[in-house]
Amino acid sequence: MEKTGLVTGDDGQVRCSWHGNLEDYRRYHDEEWGRPVTDDARLFEKICLEGFQSGLSWLTILRKRDNFRLAFADFDCHKVALFNDEDIARCLADAGIIRHRGKIVSTINNARRAVDLEAEFGSLARYFWSFEPGANERPARMDYATLRANPTSPTSVRLSKDLKKRGWTFVGPTTVYAFMQAMGLVNDHIEGCLCRDSVEKLRASFQRPR
């Protein structure tokens with residue numbers, strides 16, 4: 001498994017190994033990760049949760065995701081942009097989420113920046129998908145060695161810089177690349193994973209926001 005990055009599940013199917021065959025994590029791998037997303041709330045949610053994940057495992061965040069949605073108004077950026085000191089105190093007292101003041105404050109700040117982006121581009125989806133890398137920026141073959149060697153990409157560096165210039169926080173290149181992987185801007189299911197071809201077909205037929 002370590003050499004190939006693949007694992008065979010109890011259903012006989014071969015997948016990327018990072019879910020560790022944990023039922024909820026495997027479901028996330030099969031049903032969400034890498035599938036193109038254009039819903040603004042889900043895009044905003046993911047980039048915020050990637051910020052919360054910094055220094056932790058994604059599984060920790062995934063298992064608290066419903067609590068985060070309750071705490072942050074289902075990641076409606078317009079609602080979160082109106083959060084005040086009372087909301088910060090409420091979130092800090094919420095044992096169901098990660099009680100990190102800096103990351104909570106960052107989410108509120110980023111909601112305000114997201115409202116600005118929406119006004120400028122018409123939607124968050126239009127903005128984020130404008131950073132989808134071209135085929136010339138992608139590896140010819142996505143194997144485990146390539147995936148491990150590339151925790152960032154030239155595109156994630158550009159997107160990170162642009163977000164930071166616009167006042168976003170907790171959006172370093174590694175965080176941004178993880179966001180791109182999860183939201184389907186790239187397909188990083190490795191060769192041999194049962195999801196790779198199906199995600200490629202989804203991406204081929206996917207209508208990019210314009």
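Residues numbered from 1 in each chain as written. Predicted model: local features only at pLDDT ≥ 70, side-chain atom pairs only at ≥ 80, totals over all residues. Heavy atoms only, no water.

### A short note on the packing of aromatic side chains
Where we set the bar: Each pair of aromatic rings taken from Phe, Tyr and Trp, with Trp reduced to its six-membered ring, is defined by centres within 6.5 Å and is described as stacked if the planes are under 30 degrees apart, edge-to-face if over 60, and tilted in the remaining cases. Numbering of helices and strands runs from the N terminus, with a helix taken as a DSSP run of H or I at least four residues long and a strand as a DSSP run of E at least two residues long. A 1.4 Å probe rolled over the protein chains alone gives each residue an accessible area, and that area as a share of the maximum for its type sets the label: buried under 20%, exposed over 50%, partly exposed in between. Here, a charge over a ring is recorded when the distance from Lys NZ or Arg CZ to the ring centre is within 6 Å and its angle to the ring normal is within 35 degrees.
Counted by the stated rule, this structure contains 17 aromatic pairs. Judged by centre distance (4.8 Å) and plane angle (55 degrees), the rings of Phe-128 and Phe-179 are tilted. Taken together, the residues Phe-128 in helix α8 (residues 124–129) and Phe-179 in helix α11 (residues 173–182) connect sequence positions 51 residues apart. Phe-179 sits in the buried class, given a relative accessible area of 0%. Through a chain of ring-to-ring contacts, the aromatic side chains of Phe-44, Phe-52, Phe-68, Phe-72, Phe-75, Phe-83, Phe-121, Tyr-127, Phe-128, Phe-131, Trp-168 and Phe-179 assemble into a single cluster. The ring of Trp-58 carries the charged tip of Lys-46 above its face, separated from the ring centre by 3.2 Å.

### Notes on the side chain of Arg-196
Heads up, the rule is: Contacts are assigned to residue pairs with any non-hydrogen atoms lying within 4.5 Å of each other.
Its location among the elements puts Arg-196 in helix α12 (residues 194–205). With residues up to four places along the chain from it excluded, the contact list for Arg-196 reads Met-142, Asn-187, Asp-188, His-189, Ile-190 and Glu-191.

### Considering helix α7 (residues 101–121)
Which entries qualify depends on this criterion: In this analysis, the expected span of each helix is defined as 1.5 Å times one less than the number of residues it contains.
Look at α7: 30 Å from first C-alpha to last across 21 residues, which is about the 30 Å you get at 1.5 Å a residue. Buried residues of α7: Lys-103, Ile-104, Ser-106, Thr-107, Ile-108, Asn-109, Asn-110, Ala-111, Ala-114 and Leu-117, and no others. Contact partners of the buried residues in α7: α2 (40–53), α5 (77–80), α6 (85–92), α8 and α10 (154–165). Downstream of α7 by a residue or two, Gly-122 has a phi angle that is positive, lying close to 95 degrees.

### Description of the nonpolar core
Burial of nonpolar side chains together is a common tendency in soluble globular proteins. The test is simple: In this text, buried Ala, Val, Leu, Ile, Met, Phe, Trp, Tyr and Cys residues form a nonpolar core when linked through side-chain atoms within 4.5 Å.
Within the largest apolar cluster, 50 residues are counted, with the highest numbers of intra-cluster contacts made by Phe-44, Phe-68, Phe-72, Phe-128, Leu-163 and Trp-168. Per-element accounting of this core gives the leading share, six residues, to α2. Beyond its immediate chain neighbours, meaning those up to four positions away, Trp-168 contacts Phe-44, Ile-47, Asn-109, Asn-110, Arg-113, Ala-114, Leu-117, Phe-128 and Leu-163. With nine residues, the next largest nonpolar core counts Tyr-144, Leu-147, Cys-195 and Val-199 among its residues.

### A word on the pattern of salt bridges
Note the threshold: Salt-bridge detection follows one rule: a side-chain nitrogen of Lys or Arg within 4 Å of a carboxyl oxygen of Asp or Glu.
Scanning the entire structure with this criterion turns up 21 salt bridges. In this structure, Glu-23 engages Arg-27 in a salt bridge whose closest nitrogen and oxygen atoms are separated by 3.9 Å. Highlighted residues: Glu-23 and Arg-27, both in helix α1 (residues 23–31), separated by four residues, approximately one helical turn. Assessed through its relative accessible area of 60%, Glu-23 is described here as exposed. Judged by its relative accessible area of 40%, Arg-27 is partly exposed.

### A look at the packing of α2 against α7
Filter applied, for reference: Interaxial angle, 0 to 180 degrees, is taken between N-to-C directions of lines fitted to C-alpha atoms, where a helix line uses only the stretch in contact. The handedness criterion is simple: a crossing whose near helix is rotated anticlockwise from the far helix by less than a right angle is left-handed, and one whose near helix is rotated clockwise is right-handed.
The geometry of α2 relative to α7 is characterised by a closest axis approach of 10 Å and an angle of 150 degrees between their N-to-C directions. Judged by the sense of rotation from one axis to the other, the crossing of α2 with α7 is right-handed. Facing α2, whose interface residues are Asp-40, Phe-44, Cys-48, Gly-51 and Phe-52, α7 presents Lys-103, Ile-104, Thr-107, Asn-110, Ala-111, Ala-114 and Glu-118.

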